[in-house]
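Overview (structure and organization)
Okay, here's what each chain looks like letter by letter:
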Amino acid sequence: MYLKSIEIHGFKSFANKIKFEFHNGITGIVGPNGSGKSNVADAVRWVLGEQKVKQLRGSKMEDVIFAGTENRKPLGFAYVAITLDNSDHKLDVDYEEVTVSRRLFRSGESEYMINGTQVRLKDVNELFYDTGIGKEGYSIIGQGQIDQILSGKPEERRELFDEAAGIVKFKRRKNQALKK
Ligand code: ATP
Ligand code: MG
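Every value quoted in this text rests on a predicted model; they were computed, and no experiment measured them.

Some words on the overall build of the protein
Along the protein, the regular secondary structure elements total five helices and six strands. Each helix (α) and strand (β) of the protein, taken in turn from the N terminus, gives the series β-β-α-β-β-β-β-α-α-α-α. Since a compact globule built from 180 residues should have a radius of gyration of about 16 Å, the 17 Å found for the protein is in line with a globular shape. Along the first, second and third principal axes, the C-alpha atoms of the protein reach 55 × 40 × 40 Å.

This is how it looks when you write it as structure tokens:
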């Protein structure tokens, strides 16, 4: 499984629709300060269901929508879609390719989709359990996060190991069963 593309439209500094395409291997994104490199990482966190605005370096969720510049009007929504190659079926769905998207309007209305079907945030989370990819996964390591992991509480570190060991979904199911 690998990330094939990231499509961004109206998210943070990306007013125009843009599509980054990747191949199986290593890709670096380079650019001057303030050109939007970290915004690309934020876009991936966001589409994976990030709900904490602080993690996205904003103060309210609306801050992820393109706010306009001197010569360009603000946009009314933010949209991000990531497409993953799933030919090894690491994601537990039949599709060879999985596209997850999220759209947010200024009204606060929002929607998630998996391969074109509207889903709940919960479905997006479940799709990525135990893959290391979800917003709690270790696939996106932000600046300062290594320190946080090393100095964090043992329980927090434990969550990372659970994810890597692939037992998160069993734990969630157990907790749900205990609640019933
Ligand atoms: P550095 O090399 O300093 O880490 P970077 O390439 O990571 O820079 P980013 O932090 O991704 O840069 O981008 C910051 C830019 O994004 C700023 O110019 C900021 O004004 C712009 N930006 C952030 N949110 C929005 C928004 N909602 N609308 C328009 N522009 C935004
Ligand atoms: Mg940056």
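Now that the structure has been shown, we can carry on.
What about the domain arrangement of the protein?
Assigned domains within the protein: domain 1 (2–129) and domain 2 (141–180). Inter-centroid distance (C-alpha atoms) of domain 1 to domain 2 is 23 Å.

A short note on helix α5 (residues 168–179)
With twelve residues, α5 extends 17 Å between its outermost C-alpha atoms, agreeing within 8% with the 16 Å of an ideal straight helix rising 1.5 Å per residue. Burial analysis of α5 places just one of its twelve residues in the buried class, a small minority of the element.

Notes on the sheet that holds strand β1 (residues 2–9)
Spatially, the six strands line up as an open sheet ordered β2-β1-β3-β4-β5-β6, and their pairing is antiparallel. Whereas interior strands pair on both sides, the edge strands pair on one side only; in this sheet they are β2 (18–21) and β6 (117–119). Pairwise comparison of adjacent strand axes, ignoring direction, gives a mean angle of 20 degrees for this sheet. The strands touched by helix α1 (residues 37–47) within the sheet are β1, β2, β3 (77–85) and β4 (97–105), with β3 carrying the most contacts at an inclination of about 85 degrees. The strands that helix α2 (residues 121–128) touches are β4, β5 (110–114) and β6; relative to β5, the one it contacts most, it runs at about 35 degrees.

Digging into the UniProt feature "binding site: ATP" (unreviewed entry) in the protein
Following the UniProt record, one finds the feature "binding site: ATP" (unreviewed entry) at Pro-32, Asn-33, Gly-34, Ser-35, Gly-36, Lys-37, Ser-38 and Asn-39. Examined against the element boundaries, Gly-34 turns out to sit in the loop between β2 and α1. Overall, Gly-34 belongs to the exposed group, with 9 C-beta atoms counted inside 10 Å. Tracing the chain through its elements places Lys-37 in helix α1. Setting aside chain neighbours within four positions, we find Lys-37 in contact with Ile-29 and Gly-31.

So, the nonpolar core
Counting residues in each nonpolar core, the largest one holds 28 residues, and the members touching the most others are Phe-11, Ala-43, Val-47, Val-64, Ala-78 and Val-80. Here this core takes five residues from β3, the largest share from any one element. Not counting the four nearest positions on each side in its chain, Phe-11 is found in contact with Ala-43, Val-64, Ala-78, Tyr-79 and Val-80.

Thoughts on the site of ligand 1
The full set close to ligand 1 counts 14 residues, and Asn-33, Lys-37, Ser-38, Asn-39 and Ala-67 are the nearest of them. In the shell around ligand 1, the residues fall into three nonpolar, eight polar and three charged.

Each value, and the rule that gives it
- Residues numbered from 1 in each chain as written.
- Chains lettered and ligands numbered in written order.
- Predicted model: local features only at pLDDT ≥ 70, side-chain atom pairs only at ≥ 80, totals over all residues.
- Helix = DSSP H or I, 4+ residues; strand = E, 2+ residues; numbered from the N terminus.
- Rg over C-alpha atoms; globule rule 2.2 N^0.38 Å.
- Domains from an automatic or database assignment.
- Expected span 1.5 Å × (residues − 1).
- Buried ≥ 20, exposed ≤ 12 C-beta atoms within 10 Å, placed from the backbone.
- Pairing = 2+ DSSP bridges.
- Axes fitted to C-alpha atoms, helices over the stretch in contact; angles between N-to-C directions.
- Contact = placed C-beta atoms within 7 Å.
- UniProt positions renumbered as here; feature names shortened; annotations may be inferred.
- Core = buried A, V, L, I, M, F, W, Y, C linked by C-beta atoms within 7 Å.
- Near = placed C-beta within 6 Å.
- Nonpolar A, V, L, I, M, F, W, Y, C, P; charged D, E, K, R; others polar.

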